[in-house]
Amino acid sequence: METRILNLHAMRMYFTILAGLLGLAFGSFLNVCLSRWPAGESVVKPRSHCRSCGRTLAWWENVPLVSWVALRGRCRTCKTWIGWRYAAVELAVGGGWAFIAHRNLPADFIQIPTFMIGYQIFFGIGQMIFFWLLVFLAVLDAEHLWLPDRLTIPGIGLGALFQIVGAILIAFSPLHDVVTHADTLWYELRPALWKLLLGIAIPALLILLIRWSYWLVRRREGMGLGDAKLMAMLGAWLGLSGALLSFGFGILLGAVVGVVILLKAGRGKLGEGAAMKLPFGTFLCVGGIVSALWGQPLIDAYLRLIGF
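A brief structural summary.

Here we take up helix α5 (residues 149-171). Here α5 contains 23 residues, and its C-alpha end-to-end distance of 33 Å stays within 8% of the 33 Å for a straight helix at 1.5 Å per residue. Where α5 is concerned, the buried positions are Leu-151, Thr-152, Gly-155, Ile-156, Gly-159, Ala-160, Phe-162, Gly-166, Ala-167 and Ala-171.

Structure follows, in structure tokens:
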């Protein structure tokens, strides 16, 4: 029995390490997209090269994270600083995927029904895709104040698809009443679809309402439409409560960053600091990551705090 438990723990650790290594690889590809996409370049051709001197990189200079450390963050030829972002993105995606895999893989495969193992793996894959999208959007907005429709709108569709497929899996699960025909399936899915639509619409409308109110007061744009689409994406993946938690955390993080900027600006440059554009989409993405990984415990703790 002890040997079997050790084998199960070893299997869980193996898949955790595998997910982390895959995360590093996808984080490396994400860096390529982040560097080339805003410049209108192909993410496929040419091969990876130094963006300063143009030299094509050797294979060992493309090993995620390891190459950055070995090269001390500089090009081997022209010594140009590569930047912390490359290592940070790879580490974030690799670490995030490893954490998601470890948390969603059950510690004891024997005591858990086969269906639940499959559902947990399906749910974990969805979380990995969502995490990768959020890191992508967070860095794009931080560097370029850009939340492209080519990411947010497919992100909404993917989130909705995962929610619908998850609801269908639950409806057909052995732990649930057996679905015998289409009418019964529709009866099971209708609440999930209604919840999904509210989760997408209300967060987006919240941003649009803030945007409209700011325009009435200041006669200029305060939030972009990209933020509204990002909130709809958060709602598609996390539901209404998760999206609102992401929004609250984003507001808090944005306020902290804004105060730090004003303090650094000093008295003589308070106007410049106050007029600086902040990447609110980045704060929303960080909030989305927190909500996806720890949202329900945070919501439960808050409800207990206020007496519910």
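For helix α3 (residues 84-104), spanning 21 residues, the distance from its first C-alpha to its last is 30 Å, which sits close to the expected 30 Å at 1.5 Å a residue. Taken together, the buried positions of α3 are occupied by Arg-85, Ala-87, Val-89, Glu-90, Val-93, Gly-94, Gly-96, Trp-97, Ala-98, Ile-100, Ala-101 and Asn-104.

Within a pair of aromatic rings, the relevant descriptors are the distance that separates the centres and the angle that separates the planes. This model, assessed by the stated rule, comprises 13 aromatic pairs. For the pair Trp-68 and Trp-81, a centre-to-centre distance of 5.9 Å together with 70° between the ring planes defines the contact as edge-to-face. Of this pair, Trp-68 sits in helix α2 (residues 66-70) while Trp-81 sits in the loop between α2 and α3; the two residues are 13 residues apart in sequence, bridging distant segments of the chain. Owing to a relative accessible area of 14%, Trp-68 belongs among the buried residues under this scheme. Centre to centre, the rings of Phe-99 and Trp-294 are 5.8 Å apart; their planes meet at 50°, and the pair counts as tilted. Remark: Trp-294 occurs in helix α9 (residues 280-305) and Phe-99 occurs in helix α3; sequence separation between them is 195 residues. Phe-99 gets classed as partly exposed once you look at its relative accessible area, which sits at 33%.

Counting 49 residues, the largest nonpolar core has Leu-30, Val-135, Phe-136 and Met-233 as its most contacted members. For this core, the secondary structure elements donating two or more residues are α1 (2-36), α3, α4 (114-144), α5, α6 (182-218), α7 (225-265) and α9. With 12 residues, the single largest contributor to this core is α4. Setting aside its immediate chain neighbours within four residues, Leu-30 contacts Val-89, Val-93, Trp-132, Val-135 and Phe-136.

This brings us to the state of the cysteines. Within this structure, the stated rule accounts for 0 disulfides. The thiol sulfur of Cys-75 is not disulfide-bonded, and the nearest other cysteine sulfur, from Cys-50, lies at 3.6 Å. Looking at the unpaired Cys-78, the closest cysteine sulfur is the one in Cys-75, lying at 3.6 Å.

Moving on, we come to unusual backbone geometry. Of the consecutive residues Lys-45 and Pro-46, the connecting peptide bond is found in the cis state with omega at -5°. Its location among the elements puts Pro-46 in the loop between α1 and α2. Notably, Leu-65 is not glycine yet its phi reads approximately 65°, a positive angle. Structurally, Leu-65 can be placed in the loop between α1 and α2. A relative accessible area of 22% places Leu-65 in the partly exposed class. Within the chain, Arg-72 stands out as a residue other than glycine whose phi angle is a positive 55°. One can find Arg-72 in the loop between α2 and α3. Given a relative accessible area of 71%, Arg-72 falls into the exposed group.

Here is what the cut-offs are and how they apply
Residues numbered from 1 in each chain as written. Predicted model: local features only at pLDDT ≥ 70, side-chain atom pairs only at ≥ 80, totals over all residues. Heavy atoms only, no water. Helix = DSSP H or I, 4+ residues; strand = E, 2+ residues; numbered from the N terminus. Expected span 1.5 Å × (residues − 1). Buried < 20%, exposed > 50% of the residue type's maximum accessible area, 1.4 Å probe, protein only. Phe/Tyr/Trp six-rings, centres within 6.5 Å; stacked < 30°, edge-to-face > 60°. Core = buried A, V, L, I, M, F, W, Y, C linked by side-chain atoms within 4.5 Å. Contact = heavy atoms within 4.5 Å. Disulfide = S-S within 2.5 Å.

Any functional reading would require information that these geometric values do not contain.
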